[in-house]
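Below are the chains, spelled out letter by letter.
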Amino acid sequence: MADVAKKVSGERLVRILPEAIRAIHEVIEKHRVTEEEWLAVLDFLTEVGKQDEFVLLSDVTKTSVLVDSITHEDESGVTPSDVEGPLYREDPPWREKPVKIYEEYEGAEKGDVLFVHGKVTSTDGAPISGAVLDVWQTGPDGGYDIWDERQPDYNFRGRFGVEEDGSYEFQTMVPKPYTVPTDGPVGRLLEATGQHPWRPAHIHVIAEAEGHETLTTQIFFSDDPYLENDTIGAVKPPLIRPLKKHEDEIARRGLDAPFYNCEFDITLKPATPAVQS
Ligand code: BEZ
Ligand code: FE
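Residues numbered from 1 in each chain as written. Chains lettered and ligands numbered in written order. Predicted model: local features only at pLDDT ≥ 70, side-chain atom pairs only at ≥ 80, totals over all residues. Heavy atoms only, no water.

Participant: Explain the overall build of the protein chain to me, and be specific about the residues and the numbers.
Facilitator: When helices and strands are counted, the protein chain shows six helices and 13 strands. Reported as C-alpha extents along the three principal axes, the dimensions of the protein chain are approximately 70 × 55 × 30 Å. Classification of the 277 residues of the protein chain by burial places 40% in the buried group. Carbon and sulfur atoms form 53% of the exposed surface of the protein chain, whose accessible area is close to 16200 Å². If the 28 positive side-chain charges of the protein chain are averaged to one point and the 53 negative ones to another, these points end up 1 Å apart. (Helix = DSSP H or I, 4+ residues; strand = E, 2+ residues; numbered from the N terminus. Buried < 20%, exposed > 50% of the residue type's maximum accessible area, 1.4 Å probe, protein only. Areas by Shrake-Rupley, 256 points an atom, 1.4 Å probe, with all protein chains shown as cover. Lys, Arg positive; Asp, Glu negative; His and termini not counted. Charge placed at Lys NZ, Arg CZ, Asp CG, Glu CD.)

Here it is, written out as structure tokens:
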């Protein structure tokens, strides 16, 4: 409670908390929830905390998406934000140009190479030369580095700067749909309620630049079977991009098979100057 009191103003807490409790009481009354059932709920929440799955619970109940959309509702003209999810890792490696965010690893499924490129601009169209992108995704087997001991540490993760004209490009592999973690209490909840655990393939992006608000978002791909029913409900149509297959330029790219391109321009919102008191 100490942190809530620090981050949420007392005035908001006093207004919101009683309403939230009233809403829970109404549901309990409406459904005549028994003591045994309520204790099971408390046990479940205790387990969620012990296993550090509260963000995951917020995600699969689509609460994270709701709060994200309220937080960013006034942001027309900028790239839509999206939820971070629980799988970001602090201190990802800095990737030098030409940027490649992965190393091949033993036993990997043969995936398709993907070049993601675009331009980072401000809302007035000016390129942001100092922007830094931080990206993370699953590999061609649908697994994050933290789940897959075959992968080098921080594989398919990295930070890098854009060019003077705001443009960027990084080499990765086409990600696959994957399931959110199902081996803990949240996974058991999904199973018990019949909610599937799948997310469509995506790449997470955090774009930062001085004088601009930091954007956290995700890139999705056309034709993915889970675009309409992402288990965390995070798909936004303006974030869906086609993957364009290239049979040309294979040798020039130093590759031995066709590869894919995806264009993703990013528009950041200028930061509101702090009000001087
Ligand atoms: C993710 O996209 O990394 C993610 C989001 C919500 C729950 C689990 C994973
Ligand atoms: Fe993800």
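Resuming the write-up.
Participant: So what about the packing of aromatic side chains? Which residues, and what values?
Facilitator: As enumerated under the stated definition, the model contains 10 aromatic pairs in all. Geometrically, the ring pair formed by Trp147 and Tyr178 is edge-to-face, given 5.7 Å between the ring centres and 65 degrees between the ring planes. In this pair, Trp147 is assigned in the loop between strand E3 (132-136) and strand E4 (157-161) and Tyr178 in strand E6 (residues 178-179), connecting sequence segments 31 residues apart. Judged by its relative accessible area of 38%, Trp147 is partly exposed. Ring geometry for Phe160 against Tyr168: centres 6.4 Å apart, planes inclined by 40 degrees, an arrangement best described as tilted. Of the residues examined, Tyr168 reaches a relative accessible area of 6% and is grouped as buried. (Phe/Tyr/Trp six-rings, centres within 6.5 Å; stacked < 30°, edge-to-face > 60°.)

Participant: For the pairing of strand E8 (residues 202-208), give the residues involved together with the corresponding values.
Facilitator: Across the seven residues that make up E8, a large majority, six, are buried. Where E3 meets E8, five bridges bridge the pair, whose relative direction is antiparallel. Note on E8: the bridge partner recorded for Leu133 is Ala207. Pairing of E8 with strand E9 (residues 215-221), which is carried by six bridges, proceeds in the antiparallel orientation. Opposite Ala207, over in E9, you have Leu215 as the bridge partner. (Pairing = 2+ DSSP bridges.)

Participant: I'd like a description of helix H2 (residues 10-30), backed by residues and values.
Facilitator: An ideal rise of 1.5 Å per residue puts 30 Å on 21 residues; H2 measures up with 30 Å between its terminal C-alpha atoms. Two residues or fewer after H2 comes Arg32, characterised by a positive phi angle close to 45 degrees. (Expected span 1.5 Å × (residues − 1).)

Participant: Before we move on, could you go through the pattern of salt bridges and cite the residues and values that matter?
Facilitator: Tallying each qualifying case throughout the model produces 11 salt bridges. Among the salt bridges present, the one from Arg150 reaches Asp141, with a minimum N-O distance of 3.1 Å. Residue Asp141 is classed as partly exposed on the basis of its relative accessible area of 30%. A salt bridge links Arg252 to Glu249, with the nearest nitrogen and oxygen atoms 2.6 Å apart. A residue is classified by how much of its surface remains accessible, and Arg252, at 63% relative accessible area, is exposed. On the basis of relative accessibility, which here comes to 35%, the residue Glu249 falls in the partly exposed class. A network of salt bridges, in which partner residues are shared, links Arg89, Asp145, Asp153 and Arg157. (Salt bridge = Lys/Arg side-chain N within 4 Å of Asp/Glu carboxyl O.)

Participant: I'd love a proper account of the site of ligand 1, names of residues and values included.
Facilitator: Contacts to ligand 1 come from Leu56, Asp59, Gly85, Pro86, Leu87, Tyr144, Tyr178, Val180, Arg199, His202, His204 and Ile232. One of the side-chain nitrogen or oxygen atoms of Tyr178 is found 2.8 Å away from an oxygen atom of ligand 1. Contact distances for ligand 1 include 3.0 Å between an oxygen atom and a side-chain N or O atom of His202. Notes on ligand 1: free accessible area 270 Å², of which the protein chains cover 100%. For the shell around ligand 1, the secondary-structure elements that each account for two or more residues are helix H4 (54-60) and E8. Partitioning the shell around ligand 1 into residue classes produces seven nonpolar, three polar and two charged. (Near = heavy atom within 4 Å. Polar contact = N/O pair within 3.5 Å; in protein donor to acceptor, adjacent residues only side chain to side chain. Nonpolar A, V, L, I, M, F, W, Y, C, P; charged D, E, K, R; others polar.)

Participant: Can you tell me about the nonpolar core, naming the residues and giving the values?
Facilitator: In this structure, Val120, Tyr168, Phe170, Ile203 and Ile266 are the most contacted members of the largest nonpolar core, which totals 40 residues. Sorting the residues of this core by element identifies strand E2 (113-122), E3, strand E5 (167-173), E8, E9, strand E12 (259-263) and strand E13 (266-268) as the ones contributing at least two each. If one sorts the elements of this core by residue count, E2 sits on top with five residues. Once residues within four sequence positions are removed from consideration, Val120 is found in contact with Ala126, Pro127, Ile128, Ala131, Leu133, Val162, Gly166, Tyr168, Ile266 and Leu268. Val48, Val83, Val180 and Ile232 belong to the second largest nonpolar core, which has 11 residues in total. (Core = buried A, V, L, I, M, F, W, Y, C linked by side-chain atoms within 4.5 Å. Contact = heavy atoms within 4.5 Å.)

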